[in-house]
Amino acid sequence: MRPLEAVRTEILKSMRRLETERVPFSESVGRVLAEAVVSNQDVPHFANSAMDGFAVRATDVSEADAVLEVLADVPAGQVASVSVSAGQAIRIMTGAPMPDGADTVVRVEDTAAEGDKVRVHTVVAEGKHVREAGGDVRAGQVVFDAGLRIDPVHVGVLATLGVVDPVVSRRPRVGVMSTGDELQPPATSDLAPGMIRDSNRPMLVGLLEDAGAAVIDYGRIADDSDELRAALGRAAVETDVIVTSGGVSMGDYDVTKLVLRDEAGVDFIKVAMKPGKPLAFGHLGGAPFFGLPGNPVSVVVSFEQFVRPALLTMQGASAVLRPQVSVVAGERLVTDPEKTVFLRVRLEGDAPAVQAIQAGGQASNVLSVAAAADAFAVVPRGVETIDEGEPVLIELFRSPATREHRLDI
Ligand code: AMP
Ligand code: MG
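Caption draft 1: Molecular detail of the environment of Arg107. Take Arg107: it is sitting in strand β7 (residues 104-107). For the pair Arg107 and Met51, spaced 56 residues apart in sequence, the C-alpha separation works out to 6.2 Å. In this structure, Arg107 is in contact with Met51, Asp52, Gly53 and His129, ignoring residues within four places of it in sequence.

In structure tokens, the structure reads:
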């Protein structure tokens, strides 16, 4: 058995970087920036008011109960045509540019109208409630580095800057196929004895798309060497990466192994991890090939540990591994000290005492428990038990299932 980290490092080192392209910023969520984004302007690009109120000179409001002459109104989107002199104010709305002469904004709540004058009840410090030009972003500033995976908040910043066609990595084209004589289409209503629905392939399509891939689905492949050889041959010329499920372990019908065990450059690896011990990895006609196990939970774990980081590496992402955080074991966890073990856990309780509790049975075929889990508890090699109350690392591999903030309505 080889340690997970060593296997992953070797895989990631063999990934080539993909070419780049420009995409509309509005379609860039999930894409990886290939060039830094530099602002060509200050944001905001003019000083403006943070409040509805009155633009004044600070020297006029250095004592409470100043009474100032109101010259004009300036809503957002307009520019005051007059400037503020001593003893004067301009009514201003949030986001409107600061009029010339004014350096401070008094909140409307701190004032009272007196005919065409305004009384300012409070003392207001110079610069209060003014958003200075460049206070958010300065002209010339590197706002995002290359390698950033764009999310909707980043899209908002791109829009603010007018960066409408960021340069990103192109999507990896990933061919996916499932192997197994027992696999039937998910729409099958009456399963014949011995048959099951193919769950890995639709799941892999989603996992791959989440990792930025453009997926090509090669369908279900029977446990037949010729059929698999033909499909792999096509995928090797049509795709950047090939992912299969099933047929990589020790059985006589493990077709992936039968077809590829003598292929130069494809290794059948025993990874010191659970689930997901058997893994095939290599290159087929230049395309990285991942032969994942057949058990659905193993597929999820192996995908997360190897395929996702590999796809993000190809796209030039600077962060390719999921975040790990420390919580507390809510029960005694007993694992295998020879392997890195990924337990599917729920998170319970609130900070600072969030607890990890096994979400159900930990067998590698029990996909419903992975679906109910918030995270993997990652128990490293060399550790056999983690007692209740001891710290445990968790990896947030999906949006938490049970931690959504529930509203009582
Ligand atoms: P294998 O590695 O091919 O021996 O498969 C291991 C287990 O995973 C067996 O119980 C298979 O029936 C199951 N399995 C394989 N492929 C799939 C799939 N695409 N969807 C659901 N289960 C599968
Ligand atoms: Mg099989």
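Let us keep going from here.
Caption draft 2: The arrangement of the nonpolar core in detail. Grouped together as the largest cluster of nonpolar side chains are 43 residues, with contacts concentrated most on Leu208 and Phe290. At the level of secondary structure, the elements contributing two or more residues to this core comprise α1 (4-13), β13 (173-179), α3 (200-210), β17 (241-245), β20 (278-284), β21 (287-292), α6 (296-314) and β26 (375-379). By residue number, the principal contributor to this core is α6, which donates eleven residues. Counting residues in each nonpolar core, the second largest holds 18 residues, with Leu228, Ala236, Val255 and Phe289 among its members.

Caption draft 3: Layout of the packing of α3 against α6. Closest axis-to-axis distance for the α3/α6 pair is 11 Å, and the angle between their directions is 30 degrees. Our classification of the angle between α3 and α6 gives roughly parallel. Judged by the sense of rotation from one axis to the other, the crossing of α3 with α6 is right-handed. Taken together, the residues of α6 that come into contact with α3 (itself represented by Asn200, Met203, Leu204, Leu207 and Leu208) are Pro296, Val299, Val300, Phe303, Glu304, Val307 and Leu311. Along the lines of polarity and charge, the residues of the contact of α3 with α6 split into ten nonpolar, one polar and one charged.

Caption draft 4: Spotlight on the pattern of salt bridges. Across all of its chains, the model carries 21 salt bridges by this definition. The partner of Glu304 in a salt bridge is Arg322, with the nearest N and O atoms 2.9 Å apart. Taken together, the positions of Glu304 in helix α6 and Arg322 in the loop between α6 and β22 (324-329) put the pair 18 residues apart, joining distant regions of the chain. A relative accessible area of 4% places Glu304 in the buried class. In this structure Arg322 comes out as partly exposed when scored by relative accessible area, which is 21%.

What counts, and where the lines are drawn
- Residues numbered from 1 in each chain as written.
- Chains lettered and ligands numbered in written order.
- Predicted model: local features only at pLDDT ≥ 70, side-chain atom pairs only at ≥ 80, totals over all residues.
- Heavy atoms only, no water.
- Helix = DSSP H or I, 4+ residues; strand = E, 2+ residues; numbered from the N terminus.
- Contact = heavy atoms within 4.5 Å.
- Core = buried A, V, L, I, M, F, W, Y, C linked by side-chain atoms within 4.5 Å.
- Buried < 20%, exposed > 50% of the residue type's maximum accessible area, 1.4 Å probe, protein only.
- Axes fitted to C-alpha atoms, helices over the stretch in contact; angles between N-to-C directions.
- Parallel < 35°, antiparallel > 145°, perpendicular 65-115°, else oblique.
- Left-handed = near helix turned anticlockwise from the far one by under 90°.
- Nonpolar A, V, L, I, M, F, W, Y, C, P; charged D, E, K, R; others polar.
- Salt bridge = Lys/Arg side-chain N within 4 Å of Asp/Glu carboxyl O.

As far as function goes, none of this settles anything; it's purely spatial.
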